[in-house]
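# Summary of structural features
What follows is each chain in one-letter form.
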Amino acid sequence: METVQDFVRDALEEDGDQDVLDFVSEGEGDDLDSLEPPIYLDESFPATVVICNVPKVGQAKYQKLMGVLGKLIDKYGPNEKEMPMNEETEQTEGFVIVTFEQQEAAENAVLQLDGMNLDKAHTFKVVKMDKFDEIVNRRDRFEPQRTLTTFSRADFREWLGDKKCREQILLRYQSETEIRWHDTMAGEPVLCYGGEREKRQKKVWCDWKVLWSPEGSYIATFHQQGIALWAGPDFTKKVRLPHSNVKEINFSPNEEYVLLWNGSHHEEHDDNAVRIYHVLTGQIVRKCRTPPCTPNGEDFPHFLWSKDGKFIAECNESRIMVRDTDSWEIIKDEAGKRTALKFDSLKNFQWSPKDNVLAVWTTEKDNNPARLTLVEIPSRREIASRSRTQCEAEMHWQSEGDYLCLLVNKLSKTKKRLSTNLEIFRIREKSIPVDIVTIEDNVRGFFWESKGSRFAILTADEAGHKPKLLIYQLGREKCEALCCFDLPSNSFNKVVWAPEGQYFVVASVTSATGASGSGDLLFAGLTADNKLEILHKDEHYMLTNVEWDPSSRYIITAVTQPMSNEGGYKYSMEAGYAIWTFQGRVLFRQQKEKLYGVSWRPHPPSLLPAVRQKDIRKNIKQFSKKYDAMDEQAKESARQAFRRERQEKTDAFLEVLDRLRDFKDERMAENGWDEALADFAEAQGWTQDDQIIEEELGVTEELISG
């Protein structure tokens, strides 16, 4: 083991310091490992703080300032204060160094004095002395450290690249949750994922409801503890959002945020009733109690998102509170104050599907008429308004935000309907002109064509008879009637347009009030010259859901039952779903006991510019040749596979027959049955007699003119 002397001698020899080397002791000394550990200088100052942004004063006011500071500092404990003077300026440096006797006193002083306003011009900044080096050595450019965990979204849309261009279907039935591919070649939906990973781990994939996010990126599963979001090709868990007993959720349209509600009422004063999470980080950005009312008069939602997800709005009886999703504060008015939008007798409001514009409907009260107001956000500028008296009204936005229809029922003093007007606002045109269409009969429903300028209405006479389907188009100059069709049944109550327009389904659907529909279905469309074409008539008994797939090729009709026990029994015998083509041909039909939900996977917005999309639609036949060839190839492969399977089964069956025939021949020869049968036939004296009989059934003469 090397001694201290050896270590010192080696060091001096390396340095060439021969004079010092002569003074080294010849003793053995102690081993290095046996020496006591070195004592290091304690450079920490746990009880010392620095108070910055103190007034700079001269020698004349030094003691007075120290007295003021002493009153603020001394109450935290005994201390020593040092306020340096600058010799050049003959004023203090603007900070005080305070050393307390106890570390706890220093920590309390930092907590209480940091941010304190001494006067209008001086606000204390108090830090521990131990943080001095860290602060003065910071980089000039701030570089934030990422402390929040997130996840990659690189594979979230791989399903859109499916080579067969298949759509996905979400099924929730009994205790099962399944995602299936809609494969027309297979003849039935093909399982993609059904929670197999969770089942192997003996876990429950979903406790209650399950929903797609607006752009189809996530699946949200409901649990007792909150919500879980799943995504990717294998549907792996990406984030947990805790909120006990969550009843409803509402994603922002861009999927950046999701709102969770536990179902509590406003009167319960639950400050944790509503939670809004940032999806990528799983962080809570806002919590609040349930608002006193909803924008649409239903139980949920209480908040409405703008299309771009930059604003969220809530309301009470006379105000609309619009918050921006950056600060979650109410937007400012012209004076720079954060105030709500005031509307007396507020009935409801809606966001434009494409723009940050609010459509607000207020009812008539005292001498103030009912009023529709269009307000631009965040400027709060009123861009249009219209007043009405003695009426009831509903608002209907077109999917692209180009038009807004105000369906107005004029009422008598006894609240009896006198007439119905459709007031259609052309939002994109200068000064927002209004077209008015008068409807004589009762209007049962108003339905805009998706991405189009046409709309359909269902009407009936005063007695509720003579149901009709009316279709109109908004031309450049006026609104024109295209067709009037007498419906074959009085039960039709809904028109569902395809996402790309042109085709639609008229259906008899069970209403929200629980009144059962007959399930009648009319598959129809409009030709290029705006002629109505009825493609097929069918039914799906006790129908509750009608939904087009995002590509406008297929339709799902379903009978679903609520997950609660209330009212679910009457649907249990008919629960199931069917998949149709847009022409009304059934592709698949299946009964599903306790079917709670079935829905297509939504598509995100197309990345193609509008001009390119229009060009593709115009030349769709040219583009479809490739996919027609692929479909024909897939069909031929399916036919060949069917023929091979059928031939294999036929050959296997014939092989069995051959073995039976050989076995029979062997047994007959062994027992002499074949000779006995031949002798018996010869003894009978039978002969074979072949005859041909011809009979004339009829004669038809047809004159063919030259």
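Located above this text is the structure these notes cover.
Below or above, wherever it landed, is the structure these notes cover. Everything numeric in this text was worked out from a predicted model, so none of it was measured.

### Quick word on the overall build of the chain
Check the secondary structure of the chain and you find 10 helices and 44 strands. Over its C-alpha atoms, taken along the principal directions, the chain stretches across nearly 145 × 100 × 55 Å. Buried residues in the chain amount to 39% of all 706 residues. Once local pairs closer than 6 in sequence are excluded, the contacts in the chain between residues at least 24 apart make up 45%. About 43600 Å² of surface is accessible on the chain, with carbon and sulfur atoms providing 48% of the total.

### Describing the packing of aromatic side chains
Under the defined criterion, the tally for this structure stands at 20 aromatic pairs. Both rings, one in Trp208 and one in Phe222, keep their centres 5.8 Å apart while their planes meet at 80 degrees; by these two values the pair is edge-to-face. Residue Trp208 is located in the loop between helix H6 (196–200) and strand S12 (210–212), and its partner Phe222 is located in strand S13 (residues 219–222); the two are separated by 14 residues in the primary sequence. The class of Phe222 is buried, set by a relative accessible area of 1%. Ring centres of Phe446 and Phe455 lie 4.9 Å apart, and the angle between their planes is 25 degrees; on these two criteria the pair is classed as stacked.

### Description of the side chain of Thr459
Note that Thr459 resides in strand S33 (residues 454–460). Apart from the residues within four sequence positions on either side, Thr459 is in contact with Ile439, Asp441, Asn442, Val443, Arg444, Lys466, Pro467, Lys468 and Leu470.

### Some words on the sheet that holds strand S20 (residues 304–305)
Two strands in a sheet stick together by hydrogen bonds in their backbones, pointing the same way (parallel) or opposite ways (antiparallel). The antiparallel open sheet is built from 4 strands, whose spatial order is S20-S21-S22-S23. The sheet is open, and its two borders are formed by S20 and strand S23 (341–342), each paired with just one other strand. Relative to strand S22 (residues 319–324), strand S21 (residues 311–315) runs antiparallel, the two being bridged by 5 bridges. What sits directly across from Phe311, in S22, is Asp324.

### Structural notes on the sheet that holds S33
Reading across the sheet, the 4 strands line up as S32-S33-S34-S35 and stay open at both edges, with antiparallel pairing between neighbours. Lying at the two open borders of the sheet, with one neighbouring strand each, are strand S32 (442–448) and strand S35 (479–486). Within the sheet, the average angular offset between the axes of one strand and its neighbour, ignoring direction, is 20 degrees.

What counts and what doesn't
All residue numbers here refer to positions counted from 1 along the written sequence of the relevant chain. Selection of residues for local features in this predicted model requires a pLDDT of at least 70, selection of side-chain atom pairs for listing and counting requires 80 or more, and totals for whole chains, interfaces and linings are taken over all residues. As a rule here, side-chain values cover all heavy atoms of the structure and leave hydrogens and water aside. The way it works is that DSSP assigns letters per residue, a run of H or I at least four long becomes a helix, a run of E at least two long becomes a strand, and they are numbered from the N terminus. Summary of the burial criterion: residues with accessible area below 20% of their type's maximum are buried, those above 50% are exposed, and those between are partly exposed, where the area comes from a 1.4 Å probe applied to protein chains only. Should any heavy atoms of two residues lie within 4.5 Å, those residues are counted as being in contact. Residue-level accessible areas treat just the shown protein chains as cover; the underlying method is Shrake-Rupley with a 1.4 Å probe. Here the aromatic set is Phe, Tyr and Trp, taking the six-membered ring for Trp, and pairing holds for ring centres within 6.5 Å; pairs whose planes are under 30 degrees apart are stacked, those over 60 apart are edge-to-face, and all others are tilted. Pairing between strands is defined by DSSP: at least two bridges between them are needed. Here the axes come from fitting lines to C-alpha atoms, over the contacting stretch only for helices, and the angles between their N-to-C directions go from 0 to 180 degrees.

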